[in-house]
Amino acid sequence: MLFLFFSNALISQDVGEPEKAAVTRSEWTIELFLNTAGGGLGFQQGWTPDYYNKHFWEINFSYNQNPKAVRTRNIYYENATPYSYGKLVDLFFFRAGYGYQRILNHKPYWGGVQVRYTLSGGFSLGMGLPVYLEVVYYTPDGTSVYKVTERYAPTIHNIDNIIGRAAFFEGILETQLRPGFYCKTGLNFDFSDKDMVIHAVEVGATIDMVFPYIQQFAYRKANPFYLCAYISYHFGKKKGIYE
């Protein structure tokens, strides 16, 4: 009687369709991002030791614009180009570090969004590219003017004699290099409809600190750290365990 009872119970159970989860061993993505101070691009190469965790190496390059920078133009000269008054350097960051991701919500087999928590950090190199300007001076007799290209000097140059910004890469060999570190954390949302393809949006925050500090603007204190919120788009591929 017990045998017949359990047999009926097993026959009446509806197990439905089993979920099929793709098993992967590595991933790579290219990253394009915007943050509250500019934007940049990056690359990640990672491996997945199990279904929930991912470890990765990353590199990225970003431009950092001071939020108080105001572009202006000298209206008294023809062909004047815009520039940011008081800016001493254009600031960039090159980062290289290690990261970790943990799956918080799996993507259902019929589709949806996979959510991961991400944390990374490592070496950050601050690069201060000096600002060069087109400047005018009067001849000794005061009858005419001539134009020269000079590195911005707050004690010499002002809104009266600045025509505009010189070529962006003027003075690139004088770039200030400042080593430091960075930390990044956020949430990653993978919405790809294919198991082995990655299309993801990530939101979070980053902080960079370099030493010694880089003086970005004249008449203002150098920032000891650079904190930004960011949003990024990742696209790439996964590699299966048997590939």
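Structure: see above.
The notes below deal with the structure included here. (Residues numbered from 1 in each chain as written. Predicted model: local features only at pLDDT ≥ 70, side-chain atom pairs only at ≥ 80, totals over all residues. Heavy atoms only, no water.)

**Some words on the side chain of Arg116**
Residue placement: Arg116 occurs in strand 7 (residues 114-130). Given a relative accessible area of 8%, Arg116 falls into the buried group. At 3.0 Å, the side chain of Arg116 and the side chain of Glu27 are in polar contact. Among the polar contacts made by the side chain of Arg116, one reaches the side chain of Gln101 at a distance of 3.0 Å. Setting aside anything within four residues of it in sequence, one finds Arg116 in contact with Glu27, Lys54, Gln101, Arg102, Ile103, Leu104, Gly186, Leu187 and Asn188. (Helix = DSSP H or I, 4+ residues; strand = E, 2+ residues; numbered from the N terminus. Buried < 20%, exposed > 50% of the residue type's maximum accessible area, 1.4 Å probe, protein only. Polar contact = N/O pair within 3.5 Å; in protein donor to acceptor, adjacent residues only side chain to side chain. Contact = heavy atoms within 4.5 Å.)

**Observations concerning the pattern of salt bridges**
Two side chains of opposite charge can pair, provided their charged atoms sit close to one another. One pass over the structure, following the stated rule, counts nine salt bridges. The salt bridge involving Lys184 is made with Glu31; its shortest N-O contact spans 3.8 Å. On the criterion of sequence distance, the pair formed by Lys184 in strand 11 (residues 176-190) and Glu31 in strand 1 (residues 24-35) is long-range, its members being 153 residues apart. The two residues Lys184 and Glu31 agree in class, both being buried. With a shortest N-O distance of 2.7 Å, Arg95 and Asp208 are connected by a salt bridge. Taken as a pair, Arg95 in strand 6 (residues 89-105) and Asp208 in strand 12 (residues 197-210) lie far apart in primary sequence, 113 residues in all. (Salt bridge = Lys/Arg side-chain N within 4 Å of Asp/Glu carboxyl O.)

**Side note on the nonpolar core**
In summary, soluble globular proteins display a tendency toward joint burial of nonpolar side chains. Counting 14 residues, the largest nonpolar core has Leu133, Tyr152 and Ile214 as the members making the most contacts within it. Of all the secondary structure elements, the ones that give two or more residues to this core are strand 6 and strand 8 (132-138). Examining the composition of this core, we find that three residues originate from one element, strand 6, more than from any other. Apart from residues lying up to four places away in sequence, Ile214 is in contact with Val89, Leu91, Gly126, Met127, Gly128, Gln176, Arg178, Ala222, Asn223 and Tyr226. (Core = buried A, V, L, I, M, F, W, Y, C linked by side-chain atoms within 4.5 Å.)

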